[in-house]
Amino acid sequence: MIRLVTGGVRSGKSRFAEDLAKEMGQRVLYVATGVVTDKEMQARVQRHRERRPREWGLVEEPLHLTQALSKGPERDGILVDCLSTWVANRLMQLPEEDGEERRDAVVKEMEEEMERVLEVLKEGEAVLVTSETGLGGVAMTPLGRLFQDTLGSINQQTARRAEEVWMVVSGVPWKVKG
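Residues numbered from 1 in each chain as written. Predicted model: local features only at pLDDT ≥ 70, side-chain atom pairs only at ≥ 80, totals over all residues. Heavy atoms only, no water.

*Asks:* What is the right way to read the overall build of the protein chain from this model?
*Replies:* When its secondary structure is counted, the protein chain shows 6 helices and 7 strands. Its C-alpha radius of gyration of 16 Å places the protein chain within 12% of the 16 Å reference for a compact globule of 178 residues. Across its three principal axes, the protein chain shows a C-alpha extent of roughly 45 × 35 × 30 Å. Put simply, the protein chain has 178 residues, and 45% of those count as buried. Residue pairs at least 24 apart in sequence account for 74% of intrachain contacts in the protein chain once pairs closer than 6 positions are excluded. Of the accessible surface of the protein chain, which amounts to about 9500 Å², a share of 52% is contributed by carbon and sulfur atoms. On the protein chain, the mean spot of the 26 positive side-chain charges and the mean spot of the 30 negative ones are 5 Å from each other. (Helix = DSSP H or I, 4+ residues; strand = E, 2+ residues; numbered from the N terminus. Rg over C-alpha atoms; globule rule 2.2 N^0.38 Å. Buried < 20%, exposed > 50% of the residue type's maximum accessible area, 1.4 Å probe, protein only. Contact = heavy atoms within 4.5 Å. Areas by Shrake-Rupley, 256 points an atom, 1.4 Å probe, with all protein chains shown as cover. Lys, Arg positive; Asp, Glu negative; His and termini not counted. Charge placed at Lys NZ, Arg CZ, Asp CG, Glu CD.)

*Asks:* I'm lost on unusual backbone geometry in this one. Help?
*Replies:* Most peptide bonds take the trans configuration, and most residues that are not glycine carry a negative phi. For the bond from Asp81 to Cys82, the omega torsion is 5°, close enough to zero to count as cis. With respect to the helices and strands, the residue Cys82 is situated in the loop between strand E4 (77-81) and helix H4 (83-91). Although it is not a glycine, Arg10 adopts a positive phi angle of roughly 65°.

*Asks:* Looking at this structure, I do not really get the pattern of salt bridges. What am I missing?
*Replies:* According to the stated counting rule, one finds 14 salt bridges in the structure shown. Put simply, Lys108 and Glu112 hold a salt bridge, and the shortest N to O gap is 2.5 Å. One end of the pair, Lys108, and the other, Glu112, are both in helix H5 (residues 100-121), 4 residues apart, so they sit about a helical turn from each other. Take Glu112: its relative accessible area is 36%, and that puts it in the partly exposed class. (Salt bridge = Lys/Arg side-chain N within 4 Å of Asp/Glu carboxyl O.)

*Asks:* Could you clarify how one ought to interpret the packing of aromatic side chains in this entry?
*Replies:* Each aromatic ring pair is described using two quantities: the centre-to-centre distance and the angle formed by the ring planes. One pass over the full model with this rule turns up 1 aromatic pair. One cation-aromatic arrangement involves Arg52 over Tyr30; the distance from NZ or CZ to the ring centre is 3.9 Å. (Phe/Tyr/Trp six-rings, centres within 6.5 Å; stacked < 30°, edge-to-face > 60°. Lys NZ or Arg CZ within 6 Å of the ring centre and 35° of its normal.)

Encoded structure:
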């Protein structure tokens, strides 16, 4: 079963996703997509580490989700936190001046990788976390708009395949699908 947890930044979605993951068993593989770039991000990562059960496995993979799923010991389920960071990491590798054709190719690559990820995950238990991009205004830069468009596409693709979709608002989870 695939469960998607979405919500705004700092909405409580990671904490809720961790609670869902605990229901999968003790051998959860936590796939972290975040990259520590400064002290504030280091503190965020540390808070996540402190909350997680010690027996969970960990794979830190900012770019290649399919590869991350093949790592680690046998497990009861997988928690990916989060798709929005994965999208940002991939897009940040593009120079802002890159042409539309190159950007379209990268977005297509990401959608294809997400499809492979969903195929792998459908055989077991998984919780995927993402940020809801559709609640804010339109970004002011081309790269920001590309991020919003790409994440929106990845989120929709994932939600279509997920058996459950949850939206977390101010720490309160709402079941949207399933």
